[in-house]
Structure formats: structure tokens, C-alpha cells
Amino acid sequence: MFLKVQLPWNVIIPAENLDAKGLMLQRSIVVRLLDEFAKKRATKDLGYFLAVSTLENIGEGKRHHLQDFQGEILEGVVHKVLKHGVLLKSGPMENIYLSCMKMTGYRYVPGENPVFLNDKTSKIEKDVVVRFVVLGTKWLEAEREFQALVSLEGDYLGPVS
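It should be emphasised that the depicted structure is a prediction, and the values quoted were computed from it without experimental measurement.

## Structural notes on the nonpolar core
No. 1: Of all hydrophobic cores here, the largest spans 23 residues; its most connected members are Val 86, Leu 88, Ile 124, Val 150 and Leu 152.
No. 2: When contributions to this core are tallied by element, the ones reaching two or more residues are β5 (73-82), β6 (85-90), β7 (93-99), β11 (129-140) and β12 (145-151).
No. 3: Of the residues forming this core, the biggest block, 4 residues, is contributed by β11.
No. 4: Ignoring sequence-local partners within four residues, the contact set of Val 86 consists of Val 78, Lys 80, Val 81, Ile 96, Tyr 97, Leu 98, Phe 116 and Ile 124.

## So, the pairing of β6
No. 1: Across 5 bridges, β5 lies against β6 in antiparallel orientation. By the bridge assignment, Leu 82 is partnered in β6 with Gly 85.
No. 2: Hairpin connection between β5 and β6: a loop of 2 residues separates the two successive antiparallel strands.
No. 3: Both β6 and β7 contribute to a ladder of 5 bridges, which runs antiparallel. Opposite Leu 87, over in β7, you have Tyr 97 as the bridge partner.
No. 4: The antiparallel hairpin formed by β6 and β7 contains 2 residues in its connecting segment, where Gly 91 sits at a positive phi of about 60°.

## Things to note about unusual backbone geometry
No. 1: Positive phi outside glycine occurs at Asp 127, with the angle close to 75°.
No. 2: Residue placement: Asp 127 occurs in the loop between β10 (123-124) and β11.
No. 3: On the basis of relative accessibility, which here comes to 57%, the residue Asp 127 falls in the exposed class.
No. 4: Unusually for a residue other than glycine, Tyr 156 sits at a positive phi of about 60°.
No. 5: Tracing the backbone shows Tyr 156 in the loop between β12 and β13 (158-159).
No. 6: What makes Tyr 156 exposed here is its relative accessible area of 74%.

## Some points on the sheet that holds strand β8 (residues 107-109)
No. 1: Spatially, 3 strands are ordered β8-β9-β10 in an open sheet, and the strand pairing comes out antiparallel. Looking at which strands have only one partner, the edges of the open sheet turn out to be β8 and β10.
No. 2: Here β8 pairs with strand β9 (residues 115-117) via 3 bridges, running antiparallel. Directly across from Arg 107, in β9, lies its bridge partner Leu 117.

## Some thoughts on the pattern of salt bridges
No. 1: Applying the stated criterion to the full structure yields 2 salt bridges.
No. 2: With a closest N to O distance of 2.8 Å, Arg 131 and Glu 75 form a salt bridge. Of this pair, Arg 131 sits in strand β11 while Glu 75 sits in strand β5, placing them 56 residues apart in sequence.
No. 3: Take Arg 131: its relative accessible area is 27%, and that puts it in the partly exposed class.
No. 4: Note on Glu 75: relative accessible area 38%, which makes it partly exposed.

Conventions we followed
- Residues numbered from 1 in each chain as written.
- Predicted model: local features only at pLDDT ≥ 70, side-chain atom pairs only at ≥ 80, totals over all residues.
- Heavy atoms only, no water.
- Core = buried A, V, L, I, M, F, W, Y, C linked by side-chain atoms within 4.5 Å.
- Buried < 20%, exposed > 50% of the residue type's maximum accessible area, 1.4 Å probe, protein only.
- Helix = DSSP H or I, 4+ residues; strand = E, 2+ residues; numbered from the N terminus.
- Contact = heavy atoms within 4.5 Å.
- Pairing = 2+ DSSP bridges.
- Salt bridge = Lys/Arg side-chain N within 4 Å of Asp/Glu carboxyl O.

Pasting the structure below:
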């Protein structure tokens, strides 16, 4: 889900960036705002920040953010296959866990390239795109990112061809 929010905050500009003409000051403010935006990758309340869409005036700007909510259907790419589930990435979110207990009908097949297979020869392996439903999210303050627990239990969920 994408939301548009307005996030005003103060920016401190070092004295060496001040200029009598004002152009360097304005440039310094914009650069500093963009740096702050890049550092604030996500917040618990708003989710992941994706882009600055407008800068209304100096001191105020808007940016888009993404937050995953329970029940939301998303797609992600498998980046690691484990015995008890898989880890996926979806957009800026890199810690998405799909437990084998939430993949009804799939069984783990070990090997050099482990996979999860079901009776319909559907395969979940590294670099496969999977459609899933979000069961819950958790904010990790130290990493400034979310973790998500997801499931394939529902209609039209699973590997995407």
C-alpha cells in the first residue's frame, strides 16, 4: 500500500554553507533534506520511505512511503531457501519469512540448490517470484527496518509464472 505524507522538519546548515546571494543556502537546504531523507529509511509508524515527490517550500517536503499491513497481498523474490522456510525480498523490505508451515502442500527437497515442491510440480526456489499474504510485521529499531511473516494460504498465492 502506498501512502503520501507530509513530513516537515528542521535542518541545520553549517555556517560555511551560508551565502549572501541565497542560492548556496537554498541548495544546501535541499541537499541536507535529501541526505536526511536517505538516512531515515523507514519509521515504525509510517513504514518505508520510497521517494520525495515534492518540495513545497524550504523546511517542508513530502515523501512517499510503504508499510505492509496484515492481510495485504504482495509479491517478492526468494533470496534464500532454508529447511524450515524461505526468505524473500519485496521492494525495500528484505526480511520476509515464509515458513514451511504456511506453505500447505509443499515439501522441502534438500540438495545443492534446495527447493520446495508440491504435487502440481510447482517449485519455490532461489530467484522465484512468489505472491503471498502478510500475516504480520515487526519493526526493528536498531536496523530501522521491518520484518514480515507471510503465508501462501489463500487463493492465487504461490509462485508466479
